[in-house]
Amino acid sequence: MILHVSLQFVSPYAFEAMQKVDVARLAALSDPELRLLLPCLVRMALCAPADQSNAWAQDKKLILRLLSGVEAVNSIVALLSVDFHALEQDARKEQQLRHKAGGSNGESILVSQLQHGLTLEFEHSDPLRRLRLALSELLAIMNKVADSNGEFFLRSSELFESPVYLEEVADVLCILQAELPSLLPIIEVAEALLHVRNGEWFLCLLVANVPDSFSEVCRGLIKNGERQDEESVGGRRRTEALRQLCQMNPSQALNIRAMVVEECHLPGLGVALTLDYKPDTADEAVSPLVSYVSGLLLGTNGKVRTWFSMFIRNGQQRKRESSSVLWQMRRQLLLELVAILPRSRSTHVPNDSDMDSESSSGYSGLREEHVVKASALLRLYCALMGIAGLRPTDEEAEQLLQLMTSRPPATPAGVRFVSLSFCKLLAFPTLVSTPEQEQLMVMWLSWMIKEEEYFESAAGVSASFGEMLLLVAMYFHSNQLSAIIELVCSTLGMKIAIKPSSLSKMKTIFTQEIFTEQVVTAHAVRVAVTNNLSANITGFLPIHCIYQLLRSRAFTKHKVSIKDWIFRQLCETTTPLHTQLLPLIDVYINSILTPASKTNPEATNQPITEQEILNVFQGLAGGDGGKVRSHYTITTQLLILYYILSYEEALLANTKTLALMQKKPKSYSPALMDQIPIKHLIRQAQGLQQELGGLHSALLRLLATNYPHLCMVEDWISEEEVTGTLPLLRKMLLTSSSCKYSQTQLREAFQNVLSGGPRLLRILEHLTLLSAGDLIPYAEALTASMGLVLEDGVSRRILQTVNKLWMVLNTVMPRKLWVMTVNALQPLVKLLRQQKYTQNDLMVDPLIVLRCDSRVFRCPPLMDITLHMLNGYLLASKAYLNAHLKETAEFERQAQTVSNLGLSGQPDTPEVTREELKNALLAAQDSAAVQILLEVCLPSPQEELQLEGGGGPDSLLRSVQSAPGIPTRKQREREAEGGLLSDLREVQCLICCLLHQMFIADPNIAKLVHFQGYPQALLPLTVPGIPSMHICLDFIPELLAQPQLEKQIFAIQLLSHLCTQYALPKSLSVARLAISVMGTLLTVQTRVKRFAFFMPTLPCLVSFCKAFPPLFDDVMSLLVQVGQVSAADVTTKARDIDPLIASECILQSYLTELVLICIG
């Protein structure tokens, strides 16, 4: 827009003085500057102030003195003397009149019929009429703006265009808005002024006289503005007005720019304000324009990015205009780019001699202070071209190529600049259009390869551009163009649409002129590993290159060994874990097990040797029993553990494929696994989950599959108890980290356990204050002396403390601890023979755990330990047999296929048999363990004698002597006297807890054990003691259908106790079935079998009736039938008098008991 040359805008100095009411500054203003601020100053001097302080009184005197010499003050005073209330009423009436007339210019209440033009009328009018003329004109413009529906118009108004009366009109406008704020909201007035000539001047004067409204006016103008301001005249006028406002108040320019971005309106204004912005302290690193535009295009707000990109695209469609904000921006960016270009740059391609001279003269060297700015400019141009669709001019493309092929100093910023330049070449290959430019690019790439090692060492960075070159070369060789595009976008930090076809020229250069595949492979192995590799090291590293080469099988194809490099890199790691390490291990394992091609099955990488693995865990000679004192980091040890577990899992998963190729890679030996402190490492990893990324969860998954006995729920719960708040408070009592007792002292105290119990207890209590890691050296002394605490007279507190220490050690070294404990608790005969079991022995036969000293079965703290080990070894045995079956099945199956070639169906038969045998073996192990534990629950002869002699603790087993009916008064008295506190009772509870877990984990075990049967005397213990016994109701009908008399009897006895414990509808239906079966058997059995069946089962009818009274009729009917059959036997077999008399007595007693139940 063309402004009148004589118009003077309010200066920033004057606006700041008005904003702060700085009277001294106002007095320093020139008369023309002061003239623009008179409306506000006159009102300030005449109106009653809210501030009654002496300071303001003095300032007010100064203002009056300042105004006393200005002639225009009198006219403003006259304007303030009118009746504004009446004026407002007339204005509102005119608004209503215009609203009824549909906005047409009819009669005016404010202004009567004009005889002359508006300007002459304004000149000859008194103050009130001047106010009415201006108000009428302003209201007409505001009404038209409201009815325009956003369409811009420029209203020709003689009053606002006459240069003679502009100042008087401005005075009237400011007074009207100040005195009639409800009628003339300042935002609506500002919007109306955009539609008249000189509107931005009037707007600046209006805001200058109401300085507090600056932000409000700007926000209103921005909110009502266009999304693309350079598309229309209205948008350009709005932008210019806001630009003038910000020039008047430059301190708020950045805030106004932030409003522009927030509303996504007027993008040209944001750029213009940035171009106008002059910071107090110049930042030589990055200019405000580069920072602003980069923030819009590379920020996280997609809406802002799209909005500004549209501004760039639309701006390019119009022909180039010097007044266009977009071209002003491009020109400024180009000037900044040229300013930092190295000297003597051109597209001239020097020869080799020139290159030698360049290194000495500094030709094309980018200055160090310009490197960061150059990187920012490169990223900005990438965003402009890739995101906003900017099409560079020939001049811009030429200068960009000059900058990209510059050679920066060897600093971290220089490394970053080279990486960005390289990625920009890949992203926009059209920048290289002539043969000279292409040759220049090739020479620059050759310089990158040559200088890579120097840059890495001189800059002191681990991630150099050499790895990126290598990685891109590998991607080109494997034709992974999408991976190159992803790499470029990741390096540039933005998502750019790159067509794979545009990379064809670069692919030819890389694969034929710079990097062949063999050169890539040989070079990759010689690249040094990254020291202290962690997630803190960003950029592209050697590990990325090795990973891609492993994926493409380049090492095996060219017979290059990569095992040593990978092992060295794993040893040079630290936390936080680098995200590429786990994928590297996975693809390395795959390259070990799977050949690169079927024609060459030997083309695989070598696995890490066992000795190298042991070196990582040196200082852990005791396996789980060793404490980590290795010079390798915990990250390295966890990664090696992940490698071993993943290798073993992958070996089993690929068994079928390996068998077809007649290849059987070697598995790591069990002896090696015994040397690795798996549980201790997992516990360490648990505390470093944030720094290890997904490694901890991956290790847990592998453990749950291969080592389920190290993932038992009770172990995790006990670990929480060990690492909780209470143990922490106890450890605070330990003043020194070292223990004051040695292992020898602990052994000697155990030897004198009977005479020196207090000393042993004192040592054990002190050991409880140690951490699990500090307790490891005492593990051997503790477990070796366990047999000594089985002697009579040992304090229960000693036993409980030993149990507690064992559980703490179990959190860090379970496997070795279990082996030592099993060997220590052997019977005396085996100890004398010095028979030692190994880890493998216990996994093959878990029942070895129960072949311990019989005194353990009556020592609850040690029995708890034994049951824990038994549960663990049962789980370990399952995993061991499953792994063994997978490991050998495919190879034996392949051999069977070869030997039975031509015989269909033969190869599958052995496999089915092996699986069935394995399941049968596992079922036999579990059921045998359960049966042994149930046998342990039976009281010994000595304990039975104690029960017979008086009230004892094992009242649940007294039903051996009595039928399961109502307990006698004498029995109840004995139970009350003896209570339930005894070793046998505690052992029974521990066993019942374990059996409950086993039955829940696999209900088939419960079914198998009850089909095998166990002593009826245990039913009063198992049914109430094992909460999961209710599952037996599912298979009791099947058990009743068995032909064996013993199983039928056991089923009815079991059911009687279940009905008493679980009086459920299902129990009722099964009890009805049992009574029906008993009635059927009564009619088909011989007299001898009938007597053998009904003697133990008739007492169960009492329990049925107690649990379910509706069964009384059925039971009475059955008893009558039994009596009738027995009476028939008496009459037909009179000679067998003794059994008949006994049967008659038994029947009579049961009938009597049932009658008593009914009466009760």
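Residues numbered from 1 in each chain as written. Predicted model: local features only at pLDDT ≥ 70, side-chain atom pairs only at ≥ 80, totals over all residues. Heavy atoms only, no water.

- Under an unreviewed UniProt entry, the name given to the protein chain is Integrator complex subunit 2, and the source organism is Cyprinus carpio carpio.
- Taken verbatim from the UniProt record of the protein chain, the Sequence similarities (unreviewed entry) comment is "Belongs to the Integrator subunit 2 family."
- Comment text from UniProt for the protein chain, heading Subcellular location (unreviewed entry), reads "Nucleus". (UniProt positions renumbered as here; feature names shortened; annotations may be inferred.)

## Some words on the overall build of the protein chain
Next up, step 1: Across its full length, the protein chain carries 63 helices and 0 strands.
Next up, step 2: Residue burial in the protein chain is summarised as follows: out of 1160 residues, 51% are buried.
Next up, step 3: Within the protein chain, contacts between residues separated by at least 24 positions form 75% of all contacts whose residues are at least 6 apart in sequence.
Next up, step 4: Approximately 52,700 Å² of the protein chain is accessible, and the part contributed by carbon and sulfur atoms is 54%. (Helix = DSSP H or I, 4+ residues; strand = E, 2+ residues; numbered from the N terminus. Buried < 20%, exposed > 50% of the residue type's maximum accessible area, 1.4 Å probe, protein only. Contact = heavy atoms within 4.5 Å. Areas by Shrake-Rupley, 256 points an atom, 1.4 Å probe, with all protein chains shown as cover.)

## Considering helix α23 (residues 394-404)
Next up, step 1: Most of α23 sits out of view: 8 of its 11 residues are buried.
Next up, step 2: Within α23 the residues assigned to the buried category are Glu 396, Ala 397, Gln 399, Leu 400, Leu 401, Gln 402, Leu 403 and Met 404.

## Regarding the packing of aromatic side chains
Aromatic rings considered in pairs are described by the distance between their centres and by the relative angle of their planes.
Next up, step 1: The tally for this structure, following the rule as stated, stands at 13 aromatic pairs.
Next up, step 2: Arranged with centres 5.2 Å apart and planes meeting at 90 degrees, the rings of Phe 160 and Phe 202 form a pair that is edge-to-face. Of this pair, Phe 160 sits in helix α10 (residues 158-161) while Phe 202 sits in helix α13 (residues 199-209), and the two are 42 residues apart along the sequence.
Next up, step 3: For Phe 160, a relative accessible area of 1% translates into the label buried.
Next up, step 4: What makes Phe 202 buried here is its relative accessible area of 1%. (Phe/Tyr/Trp six-rings, centres within 6.5 Å; stacked < 30°, edge-to-face > 60°.)

## A short note on the packing of helix α35 (residues 634-653) against helix α38 (residues 678-686)
Next up, step 1: Packing of α35 against α38 leaves a shortest axis separation of 10 Å and a crossing angle of 125 degrees. Relative to α38, the element α35 lies oblique. Note on packing geometry: the crossing formed by α35 with α38 is left-handed. Residues Ile 634, Gln 637, Leu 638 and Leu 641 of α35 form the contact with α38, whose participating residues are Ile 678, Leu 681, Ile 682, Gln 684 and Ala 685.
Next up, step 2: Grouping the constituent residues of the contact of α35 with α38 by class yields 7 nonpolar, 2 polar and no charged. (Axes fitted to C-alpha atoms, helices over the stretch in contact; angles between N-to-C directions. Parallel < 35°, antiparallel > 145°, perpendicular 65-115°, else oblique. Left-handed = near helix turned anticlockwise from the far one by under 90°. Nonpolar A, V, L, I, M, F, W, Y, C, P; charged D, E, K, R; others polar.)

## Some remarks on the environment of Pro 39
Next up, step 1: Along the chain, Pro 39 turns up in helix α4 (residues 38-46).
Next up, step 2: The exposure class of Pro 39 is buried, given its relative accessible area of 2%.
Next up, step 3: When residues no more than four places from it in sequence are discounted, the contact partners of Pro 39 are Ile 76, Asp 171, Cys 174, Ile 175 and Asn 209.

## A few points about the pattern of salt bridges
In a structure, side chains of opposite charge can pair up when their charged atoms sit close to one another.
Next up, step 1: Tallied over the entire structure, the rule returns 31 salt bridges.
Next up, step 2: A salt bridge links Glu 161 to Arg 197, with the nearest nitrogen and oxygen atoms 3.8 Å apart. A residue pair is termed long-range when its members are at least 10 positions apart, and Glu 161 in helix α10 and Arg 197 in the loop between α12 (186-193) and α13 qualify at 36 residues.
Next up, step 3: Judged by relative accessible area, which is 25%, Glu 161 ranks as partly exposed.
Next up, step 4: For Glu 612, the salt bridge identified is with Lys 563, shortest N-O distance 3.4 Å. Taken together, the residues span a long stretch of sequence, with Glu 612 in helix α34 (residues 610-616) and Lys 563 in helix α32 (residues 563-571) at a distance of 49 residues. Here Glu 612 and Lys 563 have matching classes, each one buried.
Next up, step 5: The network of salt bridges with common partners includes Glu 16, Lys 20, Asp 22 and Arg 25. (Salt bridge = Lys/Arg side-chain N within 4 Å of Asp/Glu carboxyl O.)

## Section: the environment of Leu 874
Next up, step 1: Within the fold, Leu 874 resides in helix α51 (residues 860-899).
Next up, step 2: Classification of Leu 874 by relative accessible area gives buried; the value is 3%.
Next up, step 3: For the pair Leu 874 and His 709, spaced 165 residues apart in sequence, the C-alpha to C-alpha distance is 8.1 Å.
Next up, step 4: Leu 874 has contacts with Pro 846, Asp 926, Ala 929 and Met 998, leaving out every residue within four places of it along the chain.

## Remarks on helix α11 (residues 166-179)
Next up, step 1: If you check α11, its first and last C-alpha atoms are 20 Å apart, about what 14 residues at 1.5 Å a residue would give, namely 20 Å.
Next up, step 2: For α11, a buried count of 10 out of 14 residues is recorded, marking the element as mostly surrounded by other parts of the structure.
Next up, step 3: Among the residues making up α11, those that are buried are Leu 166, Val 169, Ala 170, Asp 171, Val 172, Leu 173, Cys 174, Ile 175, Leu 176 and Gln 177. (Expected span 1.5 Å × (residues − 1).)

## Considering the side chain of Arg 257
Next up, step 1: Considering the arrangement of structural elements, one finds Arg 257 in helix α16 (residues 253-263).
Next up, step 2: One buried charged residue, Arg 257, remains without a salt bridge, the closest side chain of opposite sign being Asp 276 at 11 Å.
Next up, step 3: Polar side-chain contacts of Arg 257 include one of 2.9 Å to the side chain of Thr 274.
Next up, step 4: Filtering out sequence-adjacent residues up to four positions away, Arg 257 remains in contact with Gly 270, Leu 273, Thr 274 and Tyr 292. (Lys, Arg positive; Asp, Glu negative; His and termini not counted. Polar contact = N/O pair within 3.5 Å; in protein donor to acceptor, adjacent residues only side chain to side chain.)

## Things to note about the packing of helix α7 (residues 84-100) against helix α9 (residues 127-147)
Next up, step 1: Between α7 and α9, whose axes approach to 11 Å, the crossing angle comes to 35 degrees. Here α7 and α9 pass one another in a crossing that is right-handed. Contact with α7, carried on its side by Phe 84, Leu 87, Asp 90, Ala 91, Glu 94, Gln 95 and Arg 98, involves Leu 131, Arg 132, Leu 135, Ser 136, Leu 139, Ala 140 and Asn 143 of α9 and no other residues of that element.
Next up, step 2: Looking at the contact of α7 with α9, its residues break down into 7 nonpolar, 3 polar and 4 charged.

## Some remarks on unusual backbone geometry
Next up, step 1: Geometrically, the link from Thr 575 to Pro 576 is a cis peptide bond, its omega value of -5 degrees lying close to zero.
Next up, step 2: If you trace the backbone, Pro 576 turns up in the loop between α32 and α33 (581-593).
Next up, step 3: The residue Asn 198 is not glycine, and still its phi comes out positive at about 65 degrees.
Next up, step 4: For Asn 198, the position within the fold is in the loop between α12 and α13.
Next up, step 5: Judged by relative accessible area, Asn 198 falls into the buried class, the value being 9%.

## Examining the confidence of the model for the protein chain
Next up, step 1: On average, residues of the protein chain score 80 in pLDDT, and 82% of them are at 70 or above.
Next up, step 2: Counting contacts from residues 1-5, a segment whose pLDDT is below 50, to residues more than four positions away or on other chains yields 8 contacts. (pLDDT = per-residue confidence, 0-100.)

## Quick word on the state of the cysteines
Next up, step 1: The tally for this structure, following the rule as stated, stands at 0 disulfides.
Next up, step 2: Of all cysteine sulfurs in the structure, the one in Cys 989 sits closest to Cys 993, which takes part in no disulfide; the separation is 6.8 Å. (Disulfide = S-S within 2.5 Å.)

## Some details on the environment of Leu 805
Next up, step 1: Within the fold, Leu 805 resides in helix α47 (residues 796-810).
Next up, step 2: Of the residues examined, Leu 805 reaches a relative accessible area of 2% and is grouped as buried.
Next up, step 3: Considered as a pair, Leu 805 and Leu 764 are 41 residues apart in the sequence and their alpha carbons are 8.0 Å apart.
Next up, step 4: Excluding residues within four positions of it along the chain, Leu 805 makes contact with Leu 764, Leu 767, Thr 768, Leu 775 and Leu 782.

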